[in-house]
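Close look at the chain arrangement
Below are the chains, spelled out letter by letter.
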Amino acid sequence: MATFGQLAAKARNYLDAKVLRVWIVDSKARSITVFYPDAAPQTYLGDTLLKDPLFPGL
């Protein structure tokens with residue numbers, strides 16, 4: 001299993017390839033970390049509502 005650091009490095013590779021969002025989902029921690037090409041990553045925990053203009057209505 002990959003570490004979070006390894007997944008974050010892979011996320012950076014995707015962003016460098018012009019992917020607009022990368023989500024790392026941790027089901028054990030009940031968290032989603034969203035990586036953006038032009039901003040710091042954000043981590044959402046538990047029941048926090050995740051809103052993203054790229055995915056309206058999600």
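The structure reproduced in this document is the subject of the present report. Computed from a predicted model, the values in this text were never measured in an experiment.

1. Digging into the overall build of the protein chain
When helices and strands are tallied, the protein chain shows one helix and three strands. Counted from the first residue to the last, the protein chain has its helices and strands arranged as α-β-β-β. For the protein chain, the C-alpha atoms occupy an extent of roughly 30 × 30 × 15 Å along the three principal directions. With 58 residues in all, the protein chain has 21% of them scored as buried. Contacts in the protein chain between residues far apart in sequence, at least 24 positions, make up 18% of those at least 6 positions apart. Surface accessibility of the protein chain: about 4500 Å² in total, with carbon and sulfur atoms responsible for 59%. The positive charge centre, built from 7 side chains, and the negative charge centre, built from 5, are 3 Å apart in the protein chain.

2. Quick notes on the sheet that holds strand 1 (residues 22-26)
Taken in spatial order, the three strands make up an open sheet running 1-2-3, and their pairing is antiparallel. Looking at strand neighbours, the two that pair on one side only are strand 1 and strand 3 (42-45), the edges of this open sheet. Taken over all neighbouring pairs, the strand axes of this sheet differ in orientation by 20° on average, direction set aside. Of the strand pairs in this sheet, strand 1 and strand 2 (residues 31-35) are connected by five bridges, and their pairing is antiparallel. Its bridge partner being in strand 2, isoleucine 24 is matched across the sheet by threonine 33. Together, strand 1 and strand 2 form the strand contacts of helix 1 (residues 4-16), whose direction differs from that of strand 1 by roughly 160°.

3. Topic: the nonpolar core
Among the nonpolar cores identified, the biggest contains five residues, and these are Ala11, Leu15, Val22, Ile24 and Phe35. Broken down by secondary-structure element, the contributors of at least two residues to this core are helix 1 and strand 1. In this view, isoleucine 24 contacts Phe4, Leu7, Ala8, Ser31, Ile32, Thr33 and Phe35; residues no more than four positions away in its chain are not counted.

4. A closer look at helix 1
The first and last C-alpha atoms of helix 1 sit 18 Å apart over 13 residues, in line with the 18 Å expected at 1.5 Å per residue. Just downstream of helix 1 lies lysine 18, where phi reads positive at about 80°.

Reading the values: rules and limits
Residues numbered from 1 in each chain as written. Predicted model: local features only at pLDDT ≥ 70, side-chain atom pairs only at ≥ 80, totals over all residues. Heavy atoms only, no water. Helix = DSSP H or I, 4+ residues; strand = E, 2+ residues; numbered from the N terminus. Buried < 20%, exposed > 50% of the residue type's maximum accessible area, 1.4 Å probe, protein only. Contact = heavy atoms within 4.5 Å. Areas by Shrake-Rupley, 256 points an atom, 1.4 Å probe, with all protein chains shown as cover. Lys, Arg positive; Asp, Glu negative; His and termini not counted. Charge placed at Lys NZ, Arg CZ, Asp CG, Glu CD. Pairing = 2+ DSSP bridges. Axes fitted to C-alpha atoms, helices over the stretch in contact; angles between N-to-C directions. Core = buried A, V, L, I, M, F, W, Y, C linked by side-chain atoms within 4.5 Å. Expected span 1.5 Å × (residues − 1).

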